[in-house]
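Working through the structure, step by step
Chain by chain, the residues run as shown.
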Amino acid sequence: MTNHSEAAGTSGNSDISGQNGCGGRDEPSAYLGHGATAGPPDGQQVTLRTPAELADALPYLLGYRPEDSIVLVALHDQDARGRFGGRARLGIPAQTDDWPSVAQQLAHGLVTGSERRGARPESMVAFLCQDPASGESPRDVMERLRPLAQLLRRACGTLDVPVVEALCISDGRFWSYCCPGNGCCSADGEPMGLPGTSVLAAAATYAGLQVRGTLKEMRARLLPWETAAALQQEAALDAAQSALVPRILHAESRADVAEETLAVAQRVIERLAAAPAVHGTLDADLHDDELVGHEDAATLILGLQDRATRDRAAEWMEGDDAGPALRLWRALARRCVGPYGEHAAAPLTLVGWVAWSSGDELEAREALAMALAADPDYLFARLLHQACNEGLDPESIRRCLRAERRGRGLTSTSGAGAGTGTRGSEGAAGAAVSEGAGADGGESPSGQRPVTQSTSAEPCAATGPRRRRRAHPDGSADTRTVRRSPGAAHPRRSRSIAAKAPAGRRPGSTADGASARARARRGGGGQTTEGET
């Protein structure tokens with residue numbers, strides 16, 4: 001899905017999932033409706049009785065505090081107690097003309113996604129979260145967004161899933177769009193409770209659950225530097241581009257560049273792993289930046305533009321390697337400064353992959369959305385983003401990457417050519433998406449057919465809970481045509497050799513860096529793929 005409100009055009013910056021919040025036994029699990037009353041909760045269930053408690057629950061339902069967001073939460077009727085199900089989020093479009101299509105897209109995506117997981121929701125709860133602009137009051141925000149709330153209620157109603165509560169949250173106050181107007185709610189809204197003081201907050205704390213910051217704070221960890229050090233990093237990237245890209249484009253030297261890049265990555269990962277822990281995300285990121293030199297960062301950023309090298313880097317995905325590798329990929333994303341912004345697609349995709357592999361779907365989605373904003377045609381990011389949004393199991397991709405690693409060891413021993421019988425991370429991710437789509441008719445959360453990837457004749461075995469590939473009557477596997485996701489539906493950009501240098505490029509740098517980077521990425525894996533041209 002496309003987040004229309006992102007200034008940078010972040011593609012796919014959305015959440016549609018089953019249990020996408022904090023999770024756990026004390027997660028808020030029932031809502032009784034506007035003005036309803038009930039006795040004490042049963043067992044470990046946390047029952048929300050009022051709009052105020054529902055507004056307080058939103059960060060716990062998502063696992064973070066949403067900003068400028070439309071959020072839909074599915075309710076599944078269980079003895080008329082409204083147990084919470086899947087959640088879906090999109091940015092609020094700046095243009096009101098986009099509101100009808102976004103409302104339909106969000107409602108359809110959550111309902112069909114819930115149906116694929118075996119439980120169609122009986123009702124919905126909607127949230128509109130936005131702070132006032134300059135000269136605007138919170139009540140002005142509520143009134144301005146009222147038509148959007150009506151569109152959401154209408155879109156859900158056409159799917160026979162009524163919205164039982166719709167809240168606007170702005171600047172520490174909330175309003176209910178479903179209030180019957182009998183004086184139960186103030187026209188100026190109701191104040192939100194202090195964070196951490198509600199019964200729900202106490203239950204979450206007891207269960208060991210934490211609410212993370214806002215998505216803006218999460219994305220800030222992955223944004224390029226805007227400090228004086230950015231000029232030094234850009235100079236290092238200019239030098240690395242002149243030295244490495246010509247070598248990557250020549251088959252006889254490409255393998256040497258790959259080994260050099262991975263050796264640097266291994267050395268930096270070991271350095272990060274040996275460093276003492278630092279508390280606080282900002283301090284931890286600053287400390288990691290000090291441990292990654294400009295030249296090492298430039299070598300890694302340029303080297304990872306080769307797809308085969310990136311695939312091998314993706315193997316640092318589990319165990320003791322995952323944590324330091326994730327820190328390195330974050331640090332590299334922050335080093336893609338100035339005209340090298342598009343190069344961030346590779347490290348951002350690795351951030352998303354390792355985060356997803358480690359169980360952090362929230363950071364995975366944000367990193368993959370940012371990767372697609374940097375390069376909408378980056379196939380590995382598109383496949384991972386779709387798989388993550390559909391709730392697939394990353395274990396099938398992990399098994400393929402482990403098989404790749406074992407296969408390299410065997411070919412090294414036998415002296416066979418590199419790349420024999422492999423399909424890489426994109427093939428593994430494409431196979432996972434295809435298998436996930438096969439059991440449910442092939443529709444993704446946003447309604448589009450999944451992207452698939454042609455693979456080698458030696459598929460990796462996938463285990464763990466996942467959906468099966470749908471078989472045709474003739475016994476052949478279900479295959480799909482490649483279709484660009486809505487978040488990636490941008491005009492294909494020209495990357496010809498004659499392209500001009502990005503504005504602000506330093507003197508002496510290569511003018512066709514984007515084109516060379518794309519050719520290097522295509523040339524490294526021994527196969528061509530749709531979406532990466």
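In short, a report on the structure.

Cut-offs applied
Residues numbered from 1 in each chain as written. Predicted model: local features only at pLDDT ≥ 70, side-chain atom pairs only at ≥ 80, totals over all residues. Heavy atoms only, no water. Helix = DSSP H or I, 4+ residues; strand = E, 2+ residues; numbered from the N terminus. Expected span 1.5 Å × (residues − 1). Bend = angle between axes of the 7 residues up to and from the residue. Buried < 20%, exposed > 50% of the residue type's maximum accessible area, 1.4 Å probe, protein only. Contact = heavy atoms within 4.5 Å. Phe/Tyr/Trp six-rings, centres within 6.5 Å; stacked < 30°, edge-to-face > 60°. Core = buried A, V, L, I, M, F, W, Y, C linked by side-chain atoms within 4.5 Å. Polar contact = N/O pair within 3.5 Å; in protein donor to acceptor, adjacent residues only side chain to side chain. Axes fitted to C-alpha atoms, helices over the stretch in contact; angles between N-to-C directions. Parallel < 35°, antiparallel > 145°, perpendicular 65-115°, else oblique. Left-handed = near helix turned anticlockwise from the far one by under 90°. Nonpolar A, V, L, I, M, F, W, Y, C, P; charged D, E, K, R; others polar. Pairing = 2+ DSSP bridges. Right-handed = clockwise from strand over helix to strand, strands pointing away.

**Some words on helix α3 (residues 138–158)**
Since one α-helical turn is 3.6 residues long, residues separated by three or four positions face the same way. Across its 21 residues, α3 extends 30 Å between first and last C-alpha, which sits within 8% of the 30 Å expected from 1.5 Å per residue. Of all the bends in α3, the largest measures some 40° and sits at R146, one to four residues before the proline P147. All of the buried residues in α3 are P138, V141, M142, L145, L148, A149, L151, L152, A155 and C156. Buried residues in α3 make contact with β4 (69–76), α2 (99–116), β6 (123–129), β7 (163–170) and β8 (173–176). Just downstream of α3 lies D160, where phi reads positive at about 60°.

**Topic: the packing of aromatic side chains**
In the structure shown here, the tally under the stated rule is two aromatic pairs. Seen in terms of ring centroids, W316 and W329 are 6.4 Å apart; in terms of plane orientation they differ by 40°. Their pairing is tilted. Taken together, the residues span a long stretch of sequence, with W316 in the loop between α10 (307–313) and α11 (322–334) and W329 in helix α11 at a distance of 13 residues. The residues W316 and W329 share a single accessibility class, namely buried. A centroid spacing of 6.0 Å and a plane angle of 70° characterise the contact between W353 and W356, whose relative ring orientation is edge-to-face.

**A closer look at the nonpolar core**
Ranked by internal contacts, the top residues of the largest apolar core, which has 69 residues, are W316, L328, W329, L332, W353, W356 and L384. Ranked by residues supplied to this core, first place goes to helix α12 (residues 345–357) with nine residues. Every residue in contact with L384, bar those within four places of it in the chain, is listed here: T349, W353, W356, L368, I397 and A429. By size, the runner-up hydrophobic cluster in this structure holds 32 residues, among which are V102, L110, A149 and L152.

**Description of the side chain of R398**
Tracing the sequence through the fold places R398 in helix α15 (residues 395–414). For R398, a relative accessible area of 12% puts it in the buried group. A distance of 3.0 Å separates a polar side-chain atom of R398 from the backbone oxygen of S357. Apart from residues lying up to four places away in sequence, R398 is in contact with M317, E318, W353, S357 and D393.

**Examining the packing of helix α7 (residues 251–274) against α11**
At a minimum axis separation of 9 Å, α7 and α11 run at an interaxial angle of 110°. By the angle between their axes, α7 is roughly perpendicular relative to α11. Taken as a pair, α7 and α11 cross one another with a handedness that is right-handed. Touching A265, V268, I269, L272 and A273 of α7 are P324, A325, R327 and L328, all from α11. The residue makeup of the contact of α7 with α11, split by class, is eight nonpolar, no polar and one charged.

**A closer look at the pairing of β7**
Remember that side chains alternate between the two faces of the sheet whenever the strand is regular. For β7, the tally of buried residues reaches seven of eight residues, placing the bulk of the element in the interior. Summarising the sheet, β6 and β7 pair through six bridges and their orientation is parallel. Bridged to L128 within β7 is C168. Crossover connection from β6 via α3 to parallel β7: handedness right-handed. In textbook terms, the turn of a hairpin is the stretch between consecutive antiparallel strands, and for β7 and β8 this stretch comprises two residues, one of which, D171, has a positive phi near 50°.

**Points about unusual backbone geometry**
Positive phi, close to 45°, is recorded for D68, a residue that is not glycine. With respect to the helices, strands and loops of the structure, D68 is situated in the loop between α1 (51–62) and β4. On the basis of relative accessibility, which here comes to 34%, the residue D68 falls in the partly exposed class. You will see that D171, though not glycine, has its phi angle at about 50°, which is positive. Positionally, D171 belongs in the loop between β7 and β8.

**Let's talk about the pairing of β6**
Taking burial as the measure, the seven residues of β6 include seven buried ones, the bulk of the element. Because side chains alternate across β6, one face comprises the buried residues S123, V125, F127 and C129, and the other comprises M124, A126 and L128, equally buried. With seven bridges joining them, β4 and β6 adopt antiparallel strand pairing. Following the sheet pairing, I70 is matched in β6 by L128.

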